Amino acid sequence: MEITEKAPAKINLSLDALFQHADGEHEWKMVMTSVDLADYVELSTVATRQITVTTDSGFLPVDQRNLAFQAARLLQKKAGVTYGARIHIRKQIPVAAGLGGGSSDAAAVLRGLNRLWQLNWSLADLAHLGLAIDSDVPYCVYSQTALVTGRGDEITLLPKLPPFWVVLAKPSASVSTPSILRSIPYNDQLYHPPIDQMVAAIRANDYPQILASMGNTLEEITSQRYPQIKQLRQKMQRFGADAAQMSGSGPTVFGLCAKYSRAQHVFNSMKGFCHEVYLVRPLLNGLS
C-alpha cells in the first residue's frame, strides 16, 4: 500500500522570540498559516525495519540529516513497530527558505505513517513527538492557522483567515536558521510584534488589522546579513502589496494582497528581480 501526504509551506504572519531557555532552546510566540505551495511525500511500508528516503531535489540530504528520515525513525522507535518505510519527497517548496519545507515533510511522514502503520495516534500526540525533530514540526502536523507558543509545541488553532493572496519571493541566498537564532540579541532593543493584536484581528476576520499587526523579530537580524531581503520587501510594497515581511528566519519575503489583480501585478513585477516567485493562497481549511 502506498499513500501520498501533502506537506504545505508555512508563513509567519507574526513571529516573536521571547527569551532563551537554559538548555539553549527558544521561547516562541508566533502566528502561522499554511499556503498552497506544497511538497508531496509518498510513503509505503516495507517488511524490514529499514527506512529509505529519496527525492527529486538535488539539494536535500537523504540520510539521517533529513527531517523526514528522522520523523520516520522516531515514530518507529516510539510506537515499537517492527517494519520500515520507503519515503519519496517531491519537492516544490524552496530549501532553506524560511517556509518550513523540511518540517512540513517530517510532519507529513508522521501523519502518513500513523495511517499506514495503523497506530491511531492523535494529531496532538504526533505534534508532541514532532517537537524532538524541529520546533516547526508541531505546527506543521496541523498545517492550519494557529497561535504557536512555548518551544513550538503549544498550538492554539485559530479561525480561518479572510480571503487574500500571497506572493512569495525567495532570493538566491540560503539562510542557516541555527546561525540566525544564535544571533538574537535578547535585550531591551529587540523588537516584539503585537502578537495578541494579530490573534484578535484573525478572530474578528479583520484584514486591515491583520496587516497592521504583522511583524517578525528575526527580520532585522537576517536582513543585516542579507540586504536583498529588505530590498525585496521594499520592491514588493512598491509594486502594490498591502503589506510585506520576511517569513521565519528568512530569506523568503511574502506580500499579502486582497485583490487577485493586484497580486498578479506584484507577482509579475517581482519575477524581474527574483528567480523563485510564487503566487499562492492560504489553506483556508488546513490540509483538507
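Above this note sits the structure.
This is a predicted model, so every value here is computed, not measured.

Chemist: Whenever I open this one, unusual backbone geometry confuses me. Can you help?
Modeler: Peptide bonds are mostly trans, and most non-glycine residues show a negative phi. In this model, Gly250 is joined to Pro251 through a cis peptide bond whose omega is 10 degrees. With respect to the helices, strands and loops of the structure, Pro251 is situated in the loop between strand S9 (243-246) and strand S10 (253-257). Even without being glycine, Gln118 reaches a positive phi, approximately 50 degrees. Position of Gln118 among the secondary structure elements: in the loop between helix H2 (101-116) and helix H3 (123-130). Look at Gln118 and you get exposed, because its relative accessible area is 65%. Its identity as a non-glycine residue notwithstanding, Asn205 has a phi of 55 degrees, on the positive side. The topology assignment puts Asn205 in the loop between helix H6 (195-203) and helix H7 (207-213). By relative accessible area, Asn205 is classed as partly exposed at 44%.

Chemist: Even after reading the chapter, I still don't get the pattern of salt bridges, so can you show me in this structure?
Modeler: Pairs may arise between side chains of opposite charge once their charged atoms sit close together. A full pass over the atoms with the stated rule returns 11 salt bridges. A salt bridge links Lys91 to Asp39; the nearest nitrogen and oxygen atoms lie 2.6 Å apart. Placement of the pair is Lys91 in the loop between strand S4 (84-90) and H2 and Asp39 in strand S2 (residues 26-46), with a sequence separation of 52 residues. On the basis of relative accessibility, which here comes to 15%, the residue Lys91 falls in the buried class. On the accessibility criterion, Asp39 (0% relative accessible area) is buried. Between Lys230 and Glu220 there is a salt bridge, with the nearest N and O atoms lying 3.7 Å from each other. Of this pair, Lys230 sits in helix H9 (residues 228-238) while Glu220 is found in helix H8 (residues 219-225), placing the two residues 10 residues apart along the sequence. Look at Lys230 and you get partly exposed, because its relative accessible area is 37%. Salt bridges sharing partners connect three or more residues here, namely Glu5, Arg111 and Arg115.

Chemist: Can you help me understand the packing of aromatic side chains in this one?
Modeler: Think of a pair of aromatic rings as described by two things: how far the centres are apart, and how the planes are tilted against each other in angle. Inspection of every chain in the model, using the stated rule, returns four aromatic pairs. Its guanidinium or amino end placed over the ring of Phe273, Lys235 lies 4.0 Å from that ring's centre, counting from NZ or CZ. Note that Arg238 overlies the ring of Phe239, its terminal NZ or CZ placed 6.0 Å from the centroid.

Chemist: I keep staring at the sheet that holds S9 and nothing clicks. Help me out?
Modeler: Across a sheet, paired strands are connected by hydrogen bonds in the backbone, their directions being either parallel or antiparallel. Strands sit in the order S9-S10-S7-S11 across an open sheet of four strands; the sheet is antiparallel. With partners counted over all chains shown, the strands left at the sheet margins are S9 and strand S11 (276-280), one partner each. Taking the axes of each pair of neighbouring strands and ignoring which way they run, one obtains an average angle of 15 degrees across the sheet. With five bridges connecting them, strand S7 (residues 165-170) and S11 associate as antiparallel partners. Across the sheet, Ala169 pairs through a bridge with Val277, a residue of S11.

Chemist: Help me out: how do you make sense of the nonpolar core in this one?
Modeler: Most often, soluble globular proteins keep nonpolar side chains buried together rather than apart. Formed by 68 residues in total, the largest nonpolar core has its most connected members in Ile87, Val109, Leu110, Leu113, Leu218 and Met236. Per-element tally for this core: the top contributor is H2, with seven residues. Excluding anything up to four places from it in sequence, Ile87 contacts Val41, Glu42, Leu43, Ile51, Thr52, Val53, Thr54, Ala68, Ala72 and Val109.

Calculation rules
- Residues numbered from 1 in each chain as written.
- Predicted model: local features only at pLDDT ≥ 70, side-chain atom pairs only at ≥ 80, totals over all residues.
- Heavy atoms only, no water.
- Helix = DSSP H or I, 4+ residues; strand = E, 2+ residues; numbered from the N terminus.
- Buried < 20%, exposed > 50% of the residue type's maximum accessible area, 1.4 Å probe, protein only.
- Salt bridge = Lys/Arg side-chain N within 4 Å of Asp/Glu carboxyl O.
- Phe/Tyr/Trp six-rings, centres within 6.5 Å; stacked < 30°, edge-to-face > 60°.
- Lys NZ or Arg CZ within 6 Å of the ring centre and 35° of its normal.
- Pairing = 2+ DSSP bridges.
- Axes fitted to C-alpha atoms, helices over the stretch in contact; angles between N-to-C directions.
- Core = buried A, V, L, I, M, F, W, Y, C linked by side-chain atoms within 4.5 Å.
- Contact = heavy atoms within 4.5 Å.

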